Amino acid sequence: MPVVSQTTLAPPRRRGLPYVGRTLSYVRDPLQMMRSQYDGWGPVSDIDFVGKRWTVLLGPDACEVALRNADKAFASGDGWGYLVGPFFDRGLMLLDFEEHHRHRRIMQSAFTRDRIEGYTAALQPAVAAGVAAWQPGASFLAYPALKELTLDLATEVFMGGADLATPDELDRVNQAFIDCVQSATAMVRANVPGTRWGRAIRGRRLLEEFFGRHLATKRAAPGDDLFSVLCHLETEDGERFSDEDVVNHMIFLLMAAHDTSTITVSTVMQQLGQHPEWQERCRAEALALSEHPTLAELDGLVAIDQVMKESLRLVPPVPVLARRTVKETEVLGHSIPAGRLVAVMVHLSHHMAELWDEPERFDPERFSDDRREDKVHRYAWEPFGGGVHKCIGMFFAGAEVKTILVHLLRQFTWTVEPSYRAPMSYTSLPFPKDGQPVHLTRRPTPQEPS
């Protein structure tokens, strides 16, 4: 049993509309909602959210307790299971404790340094060609173009190439992922036609059919893509993934790979468009690399790495992590009962003046060696989560984002109005509702006059 002090208190509860609670406040402006909750109710409090009572953890100290999970009281699968469980069921993020450890041990072989070097090499020509096909203009919509690009890359690197599916089928697969992700804040959580939950149920069926249909081919004729790798991974003890495991992990990994990378590059494009001095610094780095940069070259980037980290701070792709307590536990003097849904709101930590100098200002040099503001607290900057559930693909994600940025900087320049603020939707993972327009101009090739 966990040790819970006799002096602990129940978290204060902020009441709102029945059932709805703070859902609409979060969807409208999650950062403002988190600040209001933290300022008025402290780092540990209760709210009603999407039909259930949740304990909210705000600030790095409270978030650390759940992410470190020293007494194994917080389950990830049971938390995410309420939000998106039926649609990403049995993905790595939705497994816990010994089962999670076993699956992660097998999957770790798919994300070794050698594997990531291979994935990065496969990315280079695909990114270069994909970016070259963009048609620049005064109001180029960056977000949908990036989303199409990252799905194409996932098809190439994760699934083994476009031969696996027609463009129309890939469009349906992409829409299925969108429908599944957007189920998280659905108020009607039943298979009702026309609702987000109902669309997500049909999306999950489509994804299961898609990956299940290609599974036998990957088992029989493996390649270097992630789908093939998952089909053939085996530990020294002979542990392997079942067919069902492979399908579940592919559905989750593809969602995680292309949605999070898309919003990260989208945020970077906005910031570089509004800060031309940083765009030029990054372009100078990009132009100094080989035609198809290796993973080692990408690791050596300084300005691009700082810009990426600062963009992840400003707009974390996953602003809230879901958990559920499997036993009574204590967080900063507050007793959390067993069975309580818990929202680990890491987004607020990225914007706290106690942790960051002028936190709303774009300042990539806060990640420079002589400042390292992210080191002021171990959980000040956690865009990839923390603890045993920290993103297994974070190093591949960094390589993919940097690869896209390198090719963008080589082929284009762009500007964004200084006053522009992306109208973000938080009905699911964050994305700009207006498509994020930029003024995109193709750079002259070395053979063309400037």
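Residues numbered from 1 in each chain as written. Predicted model: local features only at pLDDT ≥ 70, side-chain atom pairs only at ≥ 80, totals over all residues. Heavy atoms only, no water.

As recorded by an unreviewed UniProt entry, the protein carries the name Cytochrome P450 and is attributed to Aeromicrobium yanjiei. Taken from UniProt, the Cofactor (unreviewed entry) comment for the protein reads in full: "heme". (UniProt positions renumbered as here; feature names shortened; annotations may be inferred.)

Q: Go over the UniProt feature "binding site: heme" (unreviewed entry) in the protein with me, naming the residues and quoting the values.
A: As recorded in UniProt, the feature "binding site: heme" (unreviewed entry) lies at Cys391. By the element assignment, Cys391 lies in the loop between helix H15 (346–349) and helix H16 (394–411). (Helix = DSSP H or I, 4+ residues; strand = E, 2+ residues; numbered from the N terminus.)

Q: Can you explain a negative patch on the surface? Please cite residues and give values.
A: A cluster of acidic residues, Glu148, Asp152, Asp168 and Asp171, forms a negative patch on the protein surface. Secondary-structure elements contributing two or more residues to the negative patch are helix H7 (142–158) and helix H8 (167–181). On the secondary structure map, Asp171 appears in helix H8. On the accessibility criterion, Asp171 (51% relative accessible area) is exposed. (Patch = residues over 30% accessible without salt bridge, like charges linked within 9 Å, V, L, I, M, F, W, Y side chains within 5 Å. Areas by Shrake-Rupley, 256 points an atom, 1.4 Å probe, with all protein chains shown as cover. Salt bridge = Lys/Arg side-chain N within 4 Å of Asp/Glu carboxyl O. Lys, Arg positive; Asp, Glu negative; His and termini not counted. Charge placed at Lys NZ, Arg CZ, Asp CG, Glu CD. Buried < 20%, exposed > 50% of the residue type's maximum accessible area, 1.4 Å probe, protein only.)

Q: Hey, could you go over the sheet that holds strand S2 (residues 52–58) for me, with residue numbers and the actual values?
A: Spatial ordering of the open sheet is given by S1-S2-S8-S5-S3, a layout of five strands whose pairing is mixed. What marks the edges here is a single partner per strand, and that holds for strand S1 (44–49) and strand S3 (74–75). The pairing of S1 with S2 spans six bridges and is classified as antiparallel. The residue of S2 that forms the bridge with Val44 is Leu57. (Pairing = 2+ DSSP bridges.)

Q: Quick rundown of unusual backbone geometry? Include the residues and the values.
A: The phi angle at Lys72 is positive, at roughly 50 degrees, despite the residue not being glycine. By the element assignment, Lys72 lies in the loop between helix H3 (60–68) and S3. Phi is positive for Leu332, which is not a glycine, with a value near 50 degrees. For Leu332, the location among the structural elements is in the loop between strand S6 (329–331) and strand S7 (334–336). On the basis of relative accessible area, Leu332 is assigned to the partly exposed category, the value being 42%.

Q: Which residues make up the pattern of salt bridges, and what values do they have?
A: Counted under the stated rule, the structure contains 29 salt bridges. Between Lys147 and Asp259 there is a salt bridge, with its nearest N and O atoms 2.4 Å apart. Within this pair, whereas Lys147 is found in helix H7, its partner Asp259 is found in helix H11 (residues 243–274), the two being separated by 112 residues in sequence. On the basis of relative accessibility, which here comes to 9%, the residue Asp259 falls in the buried class. The closest approach of N and O atoms between Glu169 and Arg213, which form a salt bridge, is 2.3 Å. One end of the pair, Glu169, is in helix H8; the other, Arg213, is in helix H9 (residues 196–220), with 44 residues separating them in the sequence. Judged by its relative accessible area of 13%, Glu169 is buried. Residue class for Arg213 comes out partly exposed when judged on its relative accessible area of 39%.

Q: Let's hear about the pairing of strand S5 (residues 321–325): which residues, and what values?
A: S5 sits mainly inside the fold: four of its five residues count as buried. Pairing of S3 with S5, which is carried by two bridges, proceeds in the antiparallel orientation. When the sheet's bridge partners are listed, Phe74 is paired in S5 with Thr325. Examined bridge by bridge, S5 and strand S8 (residues 341–345) share four bridges and lie antiparallel to one another. Residue pairing across strands places Arg324 opposite Leu341, the latter belonging to S8.

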